[in-house]
Structures are given as C-alpha cells and as structure tokens.
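Descriptive structure summary
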Amino acid sequence: MRNIEDLTVAVVGATGAVGREMLAVLGERDFPVGNLRPLASARSAGERVSCGDVEAVVEELNADSFAGVDIALFSAGSTISKEFGPIAAARGAVVIDNSSCFRMEQGVPLVVPEVNSELVADEIQRRGSDEGFIIANPNCSTIQLVVVLHPIEKHVGIERVVVSTYQSVSGAGKKGMDELWDQTRGIFSQQAVEPSKFPHQIAFNCLPQIDVFEDNGYTKEETKVIKESRKILGIPDLRITATAVRVPVFTCHSESVNIETRGRLSAEDARALLMESPGIIVIDEPETGKYPMGCELGGTDATYVGRIRADESAEHGLNMWIVADNLRKGAALNAVQIAEVVVDAWGSD
C-alpha cells in the first residue's frame, strides 16, 4: 500500500531544462515528495538538486534505479523512455513520460488534466493502486491547444481546426536556447553564424520546420499535433491541420488557431465560455492593445487566449491566439498535474 503523504519520486533527466522545471513545479505545488531520486547520465551524476525542502544528489540512471519508486517523471528523450519506462513501470512506478515514445500507443493514456483526467482514475481502478503503468504527457503545442478546444467541443462541437504554431527555442532544450543567444550575440558582433541545433539560422529568422519532414510534406511536429489532439479529445476523425514554425523567442509557444464549430458560437459567447474554463486566462482587450504575449507570460502556469473574433469567411468560424509557457504547462506543469491526479486516485481507490 502506498503512503500518499510521503512518496518516492524519481525525475529522469533531472538536470535538463524540463527536468529542472519539474523539480521546481513539484516544490511550488507542495507535492508530497518524501524521497527524491533525481536521475541523469553519468556526466551529471553527483550534482545536487532540490525540490522544495527536499535535496538529493543526482544518480546515474540504470535498470536498478526504480526500486521503491512510486512516481517516475521522465524527461530525457524517447530513447531513454523506451528503454527505462517499461522497467520503471514493472517495478511498480507510475511513469509519466514527457517524450513522444508512448503517446500514440494503444492502451497508454495521453492526458491533459483539464480535458481527460478521468483516464488516470479509470486505469488505477482497473489495475489497483500498487501496479505501475505508463501515462504519456502530450506534445507542448498540443497541450495548450486542446485546453482551449475542449470546452468549445463540449459546448457546440468542432468541425475543423487550422493551427499555426510559433514555437520558442526552449522547445529544443538548452542547446536551442544557447544557439539563439550565441547567434544573436554573434550577429551584433559581426561574426559568422553557424547553425547546429537548427537546420538554418534561428536568430532574426522564422523556420517553417520543426523536426524532420515526412513523406506527405508535414513535419513530425505537425503530425504530433494532429494525431495527439484527436486522441486527447476523443475525436478520431477530427478535421485538423497544422503548420509548425520555430521562432527566435526563448520561452512560450504561441498559436494562431481557426476553429469551425458545429453550432453557432459568437465571439462574445466564446470569450465568456473560455473565461469560465479551467486552466485558461482570457486577455482580450484589442482596443487597449491587450492580448497574450510570450515575453510577459514566461514562468506562468495558465493557457492564455486573446484576439477572439468571428471568422467572417465561415458560417460558424472563430479565430483566436493562444499562448503558454512550453516548459511549464507544455511540459513540467502538465506532468506534475497528472501526478496529482494519480495521487488523488490512489487516495480514493
């Protein structure tokens, strides 16, 4: 029987950008971490990290790392997740994986708590509190999108979605952030710019490519948004298309979204609906120049919506602008929120 007041929590990839954010969020939200087990590669072993008042030394990840672990938060990439995620689950840990490894796997819950948290409780009820299993944390751009689509779908239904993402370099990790900084500094110093993390110069540029291209001309990032949105919303035939763009911004992803609804939903009614929906803050005063901007919203937890207006080219159409911190709601926060749902389900099992 698990002691939900005093849990053993592992963070895999604890010294990476998202891993450090996970530790911070766990502390900020007073998650019941009794024993912290930070795990990373051999080169990071020995570093000290903290989670609230709990401190621990980073250990090298290996197959024996998960003995006694209740919850394991993974943020070390698909290769690590594929190898060690099933090992952790077999040892009894509930694995919350931030990579794309398990997201579309049948039987693996793909969870955004504001949308489909019931999947977690259902899985625990089916398995029992002591059995481990894997929960997938969605793509960062998908999370902020479905948080907004969900209340609209429930209210009037959705026919079609067109989303263009404007994704910050932190989505590519510390190396992406370093490359933007180095290139910006280099350009001002009249030095040559050498792309490494990105396929082209990112400073003062927009790259209409995130991840590799597939045979249909879409990138893997765009395909993730499309397929994951369908799975999370429970609409396998949802008509949705995406264009993903990397922009020279350090944190926060932005999205321009066009939605065709089944029933009529005015811009005013959509605004009121979203203001009452969990996890959403509406900033929409165009007359005073107020709308969500990533440069002001880094380090915050909500999904922000503005520029809500009718699409005058469609009978039931809306346009809007969505912004969220991709390291927080797009990754670490959503993972910790899932962990909170797990603990709640254990407590009521």
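A brief report on the enclosed structure follows.

Reading the values: rules and limits
- Residue positions are given per chain, counted from 1 along the sequence in the order it is written.
- Side-chain atom pairs in this predicted model are given and counted only at pLDDT of 80 or more, local residue features only at pLDDT of at least 70, and totals for whole chains, interfaces and linings cover all residues.
- Side-chain measures here rest on the full set of heavy atoms in the structure, leaving out hydrogens and waters.
- At least two bridges found by DSSP between two strands is the condition for calling them paired.
- Strands are runs of DSSP state E lasting at least 2 residues, helices are runs of H or I lasting at least 4, and numbering of each runs from the N terminus.
- For helices, the fitted line uses only the C-alpha atoms of the stretch in contact; every axis is such a line through C-alpha atoms, and the angle between N-to-C directions lies from 0 to 180 degrees.
- Within this scheme, the nonpolar core is defined by two criteria: the residues are buried Ala, Val, Leu, Ile, Met, Phe, Trp, Tyr or Cys, and they are joined through side-chain atoms within 4.5 Å.
- Each residue's exposure class comes from its accessible area (1.4 Å probe, protein chains only) as a fraction of the maximum for that residue type: buried when under 20%, exposed when over 50%, partly exposed otherwise.
- Note on contacts: a residue pair is in contact if any heavy atoms of the two residues lie within 4.5 Å.
- A helix is expected to reach a length of 1.5 Å times the quantity of its residues less one.
- Small angles under 35 degrees read as roughly parallel and large ones over 145 as roughly antiparallel, with 65 to 115 read as roughly perpendicular and the rest as oblique.
- Crossings are classed by handedness, with left-handed meaning an anticlockwise turn of the near helix from the far one by less than a right angle and right-handed meaning a clockwise turn.

**A look at the sheet that holds strand β14 (residues 317–324)**
- Strand order in the open sheet formed by six strands is β10-β9-β11-β14-β13-β12, with mixed pairing between adjacent strands. Of all strands in the sheet, those with a lone pairing partner are β10 (239–246) and β12 (280–282), marking the two edges. On average, adjacent strands in this sheet sit at an angle of 20° to one another, irrespective of strand direction.
- As paired strands, strand β9 (residues 158–167) and strand β11 (residues 253–261) are joined by eight bridges and run antiparallel to one another. Each residue of the ladder has a partner; that of Ile158, found in β11, is Thr261.

**Looking at the nonpolar core**
- Core analysis: the biggest nonpolar cluster contains 53 residues, and Phe66, Ile152, Leu274 and Met320 have the highest contact counts within it.
- Looking at which element gives the most residues to this core, the answer is helix α5 (residues 140–156), with eight residues.
- Counting 39 residues, the second-largest nonpolar core is a separate cluster that includes Ile71, Val111, Val120 and Val336.

**Side note on unusual backbone geometry**
- In this model, Phe204 sits at a positive phi of 55°, which is unusual for a non-glycine residue.
- Judged by relative accessible area, Phe204 falls into the exposed class, the value being 54%.
- Phi is positive for Arg307, which is not a glycine, with a value near 50°.
- Here Arg307 is to be found in strand β13 (residues 303–310).
- Classification of Arg307 as partly exposed rests on a relative accessible area of 36%.

**A closer look at the sheet that holds strand β6 (residues 71–74)**
- The strand order across the open sheet built from six strands is β5-β2-β1-β6-β7-β8, with neighbouring strands paired in parallel fashion. Lying at the two open borders of the sheet, with one neighbouring strand each, are β5 (59–60) and β8 (133–136).
- Where helix α10 (residues 328–348) meets the sheet, its contacts fall on β1 (7–12), β6, β7 (94–97) and β8, and the angle it forms with β6 comes to roughly 165°.

**Looking at the pairing of β6**
- Burial along β6 is two-sided: Ile71 and Leu73 and Ala72 and Phe74, pointing in opposite directions, are all buried.
- Of the pairings in the sheet, the one linking β1 to β6 comprises four bridges and is parallel in character. The residue of β6 that forms the bridge with Val9 is Ile71.
- Sheet topology note: the β6/β7 ladder contains four bridges and is parallel. Counted as the bridge partner of Ile71 is Val94 from β7.

**Considerations on helix α6 (residues 173–188)**
- Compared with an ideal rise of 1.5 Å per residue, which puts 16 residues at 22 Å, α6 spans 23 Å between its outermost C-alpha atoms and is within 8% of the ideal.
- Just downstream of α6 lies Gln190, where phi reads positive at about 60°.

**Some thoughts on the packing of helix α4 (residues 118–127) against α10**
- α10 packs onto α4 with a crossing angle of 45° between their chain directions and a minimal axis gap of 9 Å. Classed by the angle they form, the pair α4 and α10 counts as oblique. The hand of the α4/α10 crossing is right-handed. Within the contact between the two elements, α4 uses Val120, Ala121 and Ile124 and α10 uses Ile338, Val341, Val342, Ala345 and Trp346.

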